[in-house]
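# Observations on the model geometry
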Amino acid sequence: MRGLRAGGLSLVVVLIGLAQIAYGHGPGLFKPTIPQLVLVLVGAGALLLRQRHPRAVVVVTVLCGAALPAFPPHLVLADVPTMVALYTLALRAGRRTAAAYGAVAVLLLTGSSMWWLPGHLFDIRNLLPLNYIAAAVAIGDSVRNQRTLLAQERRRAAEAERDRETEARRQVREERVRIARDLHDVVAHHITLVNAQAGVAHHLLRTDPDRAYQALAGIKETSRAALDELRATVGLLRADDEPDDRQPAPTFAGLDALLDGFRQAGLEVRLTRAGAPRPLTGTADLAAYRIVQEALTNARKHGGGGAVDLDVRYSEDTLDIMLANPAQPGVQGPGTGHGMIGMRERAESAGGRFTAGMITGRFVVHVGLPLAAD
């Protein structure tokens, strides 16, 4: 396709050159000279290679155009091959290169016209090469700049599209992590309580049926709460929008009910409060509830038995929560399970801090979360 276009352009340039020669002969029979035909054909034929060798094509067309006035009848018309060649050079090589070649072309073509055409030394038509060469270079440079800008816009659009896809994938990953963390908190907490209450019921079923019945009732209540929270969490995956009847996420205001569930499962929790209760930020409110829930679940599953001390203190702008439980003998380090990772991520995502580790035989979890502004 490109070769056909180049051949068609060369043919058009040949026809224009022949028309110029015919115009120079005047009315009557058109009899171009052999040198004129050769120069026209060489100049037009060189344009077939203008995409691969733009500089060489400019040299050939300029030399042909400068030699043409030497053969009568003399012509003072635009050199079309030189214009096309300089346009291509400006398009492919840039403004400076095209301007340099154009300046040389102006000198050669103007000098040839002044030398070979009689009486044209001070003729205004000597400015003709300067005009059409400047126009060819300017148009080629303008088209080149336009194509460069268009390519840059396309590249920016492609980069923006890639950035959008990357951001979308990142948000999907974060949402998956958040949902997985919620599911872990819900399942681990409630299954731990159900297991503890089932153990109590099994132990007391023969010796103390009333207390065993209470433990079974606790299993029923705990499993119902687990199903409600699971239904609410999984509902986020199924629905495109927020349903009006979805159960709200738990908040730190439900701390007492959370502790009652653990106490019914046989875990002794001693709660200490200090400071006037104040609301937390939205993310910190859920984070405080889930962190306490996960810490108590870990104490129930991995602790060394005994009472768990929970200290809740409200300061001017921070809620400090400290939970300490006896550790199993030989246990060292802060722990690296999914529960510990989830608690740390929740605290940091809410703008708080989280630490955990062994202190004098007790495993201590300490978290500080920001309070909402007044």
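Right above here is the structure, for reference.
Report follows, based on the coordinates. What you are looking at is a predicted structure, and each value in this text was computed from that prediction instead of being measured. (Residues numbered from 1 in each chain as written. Predicted model: local features only at pLDDT ≥ 70, side-chain atom pairs only at ≥ 80, totals over all residues. Heavy atoms only, no water.)

## A closer look at the overall build of the protein
On a plain count of helices and strands, the protein comes out with 10 helices and 5 strands. The contacts in the protein between residues at least 6 apart in sequence include a share of 70% that link residues at least 24 apart. (Helix = DSSP H or I, 4+ residues; strand = E, 2+ residues; numbered from the N terminus. Contact = heavy atoms within 4.5 Å.)

## Remarks on the packing of helix 2 (residues 34–46) against helix 3 (residues 54–67)
For the pair helix 2 and helix 3, interaxial distance at closest approach is 9 Å and the crossing angle is 160°. Put simply, helix 2 runs roughly antiparallel to helix 3. Considering how the two elements wind past one another, helix 2 and helix 3 form a crossing that is left-handed. Across from Leu39, Val42, Gly43 and Ala46 in helix 2, the residues of helix 3 making contact are Val57, Val60, Thr61, Cys64 and Ala67. (Axes fitted to C-alpha atoms, helices over the stretch in contact; angles between N-to-C directions. Parallel < 35°, antiparallel > 145°, perpendicular 65-115°, else oblique. Left-handed = near helix turned anticlockwise from the far one by under 90°.)

## Remarks on the sheet that holds strand 2 (residues 308–314)
A sheet is described by the order of its strands in space; here 5 strands give the open sequence 1-2-3-5-4, paired in mixed fashion. Only two strands of the sheet have a single partner each, and these edge strands are strand 1 (269–274) and strand 4 (353–359). For this sheet the average axis-to-axis angle between neighbouring strands, irrespective of direction, equals 10°. Sheet analysis places strand 4 next to strand 5 (residues 362–370), joined by 7 bridges and oriented antiparallel. If you follow Ile359 over to strand 5, its bridge partner there is Arg362. Contacts between helix 8 (residues 255–264) and the sheet are confined to strand 1 and strand 2, with strand 1 contributing the most and set at about 160° to the helix. (Pairing = 2+ DSSP bridges.)

## Brief notes about a nonpolar patch on the surface
A cluster of nonpolar residues, Ile34, Val38, Val42 and Val60, forms a patch on the protein surface that exposes about 320 Å² of accessible area. Note that Val38 resides in helix 2. (Patch = residues over 30% accessible without salt bridge, like charges linked within 9 Å, V, L, I, M, F, W, Y side chains within 5 Å. Areas by Shrake-Rupley, 256 points an atom, 1.4 Å probe, with all protein chains shown as cover. Salt bridge = Lys/Arg side-chain N within 4 Å of Asp/Glu carboxyl O.)

## Some remarks on the pairing of strand 3 (residues 318–326)
Counting buried positions along strand 3 gives 7 out of 9 residues, so the element sits mostly inside the fold. Sheet topology note: the strand 2/strand 3 ladder contains 6 bridges and is antiparallel. Looking across to strand 3, one finds that Leu310 is bridged to Leu323. Two elements, strand 3 and strand 5, share 9 bridges in a ladder whose sense is antiparallel. (Buried < 20%, exposed > 50% of the residue type's maximum accessible area, 1.4 Å probe, protein only.)

## Points about the packing of helix 3 against helix 4 (residues 80–93)
Relative orientation and spacing of two packed helices are given, respectively, by the angle between their axes and the distance between those axes. Following both chains from N to C, one finds helix 3 and helix 4 inclined at 160°, their axes separated by 9 Å at the closest point. Overall, the two elements helix 3 and helix 4 adopt an arrangement that is roughly antiparallel. With respect to the hand of their crossing, helix 3 and helix 4 are arranged in left-handed fashion. Note on element contacts: helix 4 touches helix 3 through Pro81, Thr82, Ala85, Leu86, Leu89 and Ala93, opposite Pro54, Arg55, Val57, Val58, Thr61 and Val62.

## Brief notes about helix 9 (residues 282–302)
An α-helix turns once every 3.6 residues. As a result, residues three or four positions apart point the same way. Helix length check: helix 9, at 21 residues, gives a terminal C-alpha distance of 30 Å against a target of 30 Å (1.5 Å per residue), a fit within 8%. Most of helix 9 sits out of view: 15 of its 21 residues are buried. (Expected span 1.5 Å × (residues − 1).)

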